[in-house]
Amino acid sequence: QVQLVESGGGLVQAGGSLRLSCAASGRTFSSYAMGWFRQAPGKEREFVATITWSGGATSYTDSVKGRFTISRDNAKNTVYLQMNSLKPEDTAVYYCAANGRRHTIVVTGSGYDFWGQGTQVTVSS
């Protein structure tokens, strides 16, 4: 079991930046690959980014490539999502998730075992 708690969301103007954090507790954090997903009102949850246990591999959805960066600090049991050049269409609840296939890039929500409660990101135009 691992518990995940997101933080860092808020209201920002278009073009601004936010950094989301997801703190993990429970089983060894480095046992998991980590992902970020988001869900906008009236839309399905979508994949944003993922990182393997060592940080050696990452993947992003096309709409955030070049603007968002996922990283992790295994000593702090935390995964981050640095979001730059934010757009109104980035507005959503952002969730972090963990999956036990720590070497694998997984881009579907069904592949994740544990989820946080989410943090709201609102980008105004």
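These remarks concern the structure in this document. (Residues numbered from 1 in each chain as written. Predicted model: local features only at pLDDT ≥ 70, side-chain atom pairs only at ≥ 80, totals over all residues. Heavy atoms only, no water.)

1. Considering the packing of aromatic side chains
Taken as a whole, this structure holds 5 aromatic pairs when the rule is applied. Relative to W115, the ring of F37 lies with its centre 5.0 Å away and its plane at 55 degrees, an arrangement referred to as tilted. With F37 in strand β4 (residues 33-39) and W115 in strand β10 (residues 114-115), the pair connects residues that are 78 residues apart, well separated along the chain. A connected cluster of aromatic rings, assembled from ring pairs, spans F37, F47, Y112 and W115. Lying across the ring of F29, R72 places its NZ or CZ 4.3 Å from the centre. (Phe/Tyr/Trp six-rings, centres within 6.5 Å; stacked < 30°, edge-to-face > 60°. Helix = DSSP H or I, 4+ residues; strand = E, 2+ residues; numbered from the N terminus. Lys NZ or Arg CZ within 6 Å of the ring centre and 35° of its normal.)

2. Concerning the pattern of salt bridges
Taken as a whole and judged by the stated rule, the model has 4 salt bridges. Salt bridges linked by common partners bring R38, E46, R67 and D90 together as one network. (Salt bridge = Lys/Arg side-chain N within 4 Å of Asp/Glu carboxyl O.)

3. Considering the nonpolar core
L4, M34, W36, L81, M83 and Y94 are the most contacted members of the largest nonpolar core, which totals 30 residues. Residue assignment for this core shows that the elements contributing at least two residues are β1 (2-7), β3 (18-26), β4, β5 (46-51), β7 (68-73), β8 (78-83), β9 (92-99) and β11 (119-124). Of all hydrophobic cores here, the second largest spans 5 residues; its members include F37, F47, V106 and Y112. (Core = buried A, V, L, I, M, F, W, Y, C linked by side-chain atoms within 4.5 Å. Buried < 20%, exposed > 50% of the residue type's maximum accessible area, 1.4 Å probe, protein only.)

4. Regarding the sheet that holds β8
Remark on secondary structure: sheet strands pair via backbone hydrogen bonds, oriented parallel or antiparallel. Strand order in the open sheet formed by 4 strands is β1-β3-β8-β7, with antiparallel pairing between adjacent strands. Sheet topology places β1 and β7 at the edges, where each strand pairs with a single neighbour. With direction set aside, neighbouring strand axes in the sheet form an average angle of 15 degrees. (Pairing = 2+ DSSP bridges. Axes fitted to C-alpha atoms, helices over the stretch in contact; angles between N-to-C directions.)

5. Some thoughts on the environment of S125
Checked against the element boundaries, S125 lands in the segment after β11. Its relative accessible area of 89% is what places S125 among the exposed residues. On a C-alpha basis, the gap between S125 and V64 in space is 17 Å, while along the polypeptide they are 61 residues apart.

6. Regarding the pairing of β8
Buried residues dominate β8, accounting for 5 of its 6 residues. Relative to β8, β3 is paired through 6 bridges, and the arrangement is antiparallel. Pairing of R19 across the sheet is with Q82, part of β8. Summarising the sheet, β7 and β8 pair through 6 bridges and their orientation is antiparallel. Bridge pairing in β8 links R72 to V79. The antiparallel hairpin formed by β7 and β8 contains 4 residues in its connecting segment, where N77 sits at a positive phi of about 55 degrees.

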